[in-house]
Amino acid sequence: MILAIDVGNTNIVMGCIENGKILNVVRVHTEVHCTDAEYAIKLKHILEMYGINPKKFEGAIISSVVPQVTEALKHAVKLVSGIDPMVVGPGMKTGLNVRIDDPSTLAGDLVVGSVAAIAYYGAPVIILDMGTATTMVVVDKTNSYIGGAIMPGVKLAYSALSSGTSLLPDISITAPKKFIGTNTVDSMRSGAVFGSAAMIDGMIDRMEEELGYKCNIIANGGIAQAIVPYCRHEIAVDEDLLLKGLWVIYKKNKK
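These remarks concern the structure in this document. (Residues numbered from 1 in each chain as written. Predicted model: local features only at pLDDT ≥ 70, side-chain atom pairs only at ≥ 80, totals over all residues. Heavy atoms only, no water.)

Helix and strand counts for the chain come out as seven helices and 11 strands. On C-alpha atoms alone, the chain measures out to a radius of gyration of 19 Å, which is about the 18 Å that the 2.2 N^0.38 rule sets for 255 residues. Its C-alpha atoms give the chain principal-axis dimensions of about 55 × 45 × 30 Å. Burial status across the chain gives 47% buried among its 255 residues. Long-range contacts, defined here as pairs at least 24 residues apart, represent 59% of the contacts in the chain between residues at least 6 apart. In the structure as shown, the chain presents an accessible area of about 12,900 Å², 52% of it carried by carbon and sulfur atoms. Distance between charge centroids for the chain: 5 Å, based on 23 positive and 25 negative side chains. (Helix = DSSP H or I, 4+ residues; strand = E, 2+ residues; numbered from the N terminus. Rg over C-alpha atoms; globule rule 2.2 N^0.38 Å. Buried < 20%, exposed > 50% of the residue type's maximum accessible area, 1.4 Å probe, protein only. Contact = heavy atoms within 4.5 Å. Areas by Shrake-Rupley, 256 points an atom, 1.4 Å probe, with all protein chains shown as cover. Lys, Arg positive; Asp, Glu negative; His and termini not counted. Charge placed at Lys NZ, Arg CZ, Asp CG, Glu CD.)

As a further point, take the sheet that holds strand β1 (residues 2-7). Strand-to-strand pairing in sheets goes through backbone hydrogen bonds, with the strands running parallel or antiparallel. Strands sit in the order β3-β2-β1-β4-β5 across an open sheet of five strands; the sheet is mixed. What marks the edges here is a single partner per strand, and that holds for β3 (21-29) and β5 (86-87). Relative to β3, strand β2 (residues 11-18) is paired through seven bridges, and the arrangement is antiparallel. Looking at the pairing, asparagine 11 lines up with histidine 29 of β3. (Pairing = 2+ DSSP bridges.)

Take helix α7 (residues 241-253) next. Its 13 residues give α7 an end-to-end C-alpha distance of 19 Å, which sits within 8% of 18 Å, the value for a rise of 1.5 Å per residue. Of the positions making up α7, those classed as buried are Leu241, Leu242, Leu243, Lys244, Gly245, Leu246, Trp247, Val248, Ile249, Tyr250 and Asn253. (Expected span 1.5 Å × (residues − 1).)

With that out of the way, let us pick up the packing of helix α3 (residues 108-120) against α7. The N-to-C vectors of α3 and α7 enclose an angle of 85°; their axes lie 7 Å apart at closest approach. Considered as vectors, α3 and α7 are oriented roughly perpendicular to each other. Contacts between α3 and α7 involve Asp109, Val111, Val112, Gly113, Val115, Ala116, Ala117, Ala119 and Tyr120 from the former and Leu241, Leu242, Lys244, Gly245, Leu246, Trp247, Val248 and Ile249 from the latter. Classifying every residue of the contact of α3 with α7 gives 13 nonpolar, two polar and two charged. (Axes fitted to C-alpha atoms, helices over the stretch in contact; angles between N-to-C directions. Parallel < 35°, antiparallel > 145°, perpendicular 65-115°, else oblique. Nonpolar A, V, L, I, M, F, W, Y, C, P; charged D, E, K, R; others polar.)

Structurally, glycine 148 can be placed in strand β9 (residues 144-152). Note: C-alpha distance between glycine 148 and isoleucine 126 (22 residues apart in sequence) is 8.6 Å. Excluding residues that lie within four positions of it along the chain, glycine 148 makes contacts with Met136, Val137 and Met207.

This paragraph deals with the side chain of aspartate 201. Assignment of secondary structure puts aspartate 201 in helix α5 (residues 184-211). Although aspartate 201 lies buried, it forms no salt bridge, and the closest oppositely charged side chain, arginine 232, sits 5.3 Å away as judged by the N-O distance. Separated by 2.8 Å, the side chain of aspartate 201 and the backbone nitrogen of arginine 232 make a polar contact. Setting aside anything within four residues of it in sequence, one finds aspartate 201 in contact with Tyr230, Cys231, Arg232 and His233. (Salt bridge = Lys/Arg side-chain N within 4 Å of Asp/Glu carboxyl O. Polar contact = N/O pair within 3.5 Å; in protein donor to acceptor, adjacent residues only side chain to side chain.)

With that settled, consider the pairing of β2. Judged by how many residues are buried, β2 sits mostly within the fold: six of eight residues are covered. Pairing between β1 and β2: six bridges, direction antiparallel. Counterpart to isoleucine 2 in the pairing with β2 is isoleucine 17. In sequence, β1 turns back onto β2 through a hairpin of three residues.

Here we come to the layout of surface pockets. Counted as a void, the largest pocket has a volume near 780 Å³. Around the largest pocket, the lining is made up of 31 residues, and of these Asp129, Gly131, Thr132, Gly221 and Gly222 lie nearest the centre. Put simply, the parts of the chain that give the lining of the largest pocket at least two residues each are β1, β2, α3, β7 (125-130), β8 (133-139), α4 (154-163) and α7. For the lining of the largest pocket, the leading source of residues is α7, giving three residues. Taken together, the residues that form the lining of the largest pocket break down as 13 nonpolar, 11 polar and seven charged. (1 Å grid on protein atoms, 1.4 Å probe; cavity = no way out; pocket = protein on both sides within 12 Å on 5 of 7 lines; lining within 4 Å. Points joined across faces, edges and corners; volume = space filled by probe spheres on them.)

Structure follows, in structure tokens:
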């Protein structure tokens with residue numbers, strides 16, 4: 001069994017993986033200022049809650065988009081389990097051919113999601129990650145990562161809209177009953193849910209047109225369940241996509 005950790009800007013997702021089966025998935029808030037000892041205490045309590053002996057892990061792997069947290073978690077995992085975790089980054093075997101202007105700038109979560117999408121769904125594939133940012137990345141039919149698009153996340157965008165205006169309130173990201181809102185809150189919800197779905201559909205159309213062929217479409221991230229049902233394309237939602245990718249990469253790099 002291994003410990004897999006994905007660090008996002010908003011949440012950290014931790015899961016135990018045994019022979020490819022994902023177990024005991026936990027999400028905790030990303031705390032940039034937490035020390036390694038504080039993260040070690042959190043990790044120890046989580047493992048105790050599930051009755052898991054940390055000394056029985058054969059390995060661990062971390063993917064992170066928050067460098068300050070990466071180092072703290074590396075030390076935390078070492079403190080709790082005695083294991084030096086792998087960290088997804090340049091030089092690791094992924095099986096992914098990265099064809100962008102500067103491959104060294106590619107964030108680890110995008111690599112991990114792409115690896116998982118290829119392994120579990122097959123290329124060509126467009127991968128959506130809907131969290132603090134909404135990212136769309138493309139792996140073509142040769143299993144090459146060729147680029148994508150980055151948009152503000154739905155919650156981030158509407159939080160900024162609320163804080164930057166005097167009359168628009170903070171809203172929950174839920175679908176209203178009608179496309180045409182008849183009050184301020186429903187109008188904002190229509191834009192947040194239906195507008196985001198329309199944007200995703202439009203981007204998929206344009207990406208596939210540029211490629212010249214259709215793709216599998218996979219989505220993950222905290223807000224995907226709220227938006228994807230209203231998209232017109234067939235999109236599979238996989239909340240464990242990044243943990244699956246970490247498992248694949250761990251196996252490729254295991255000594």
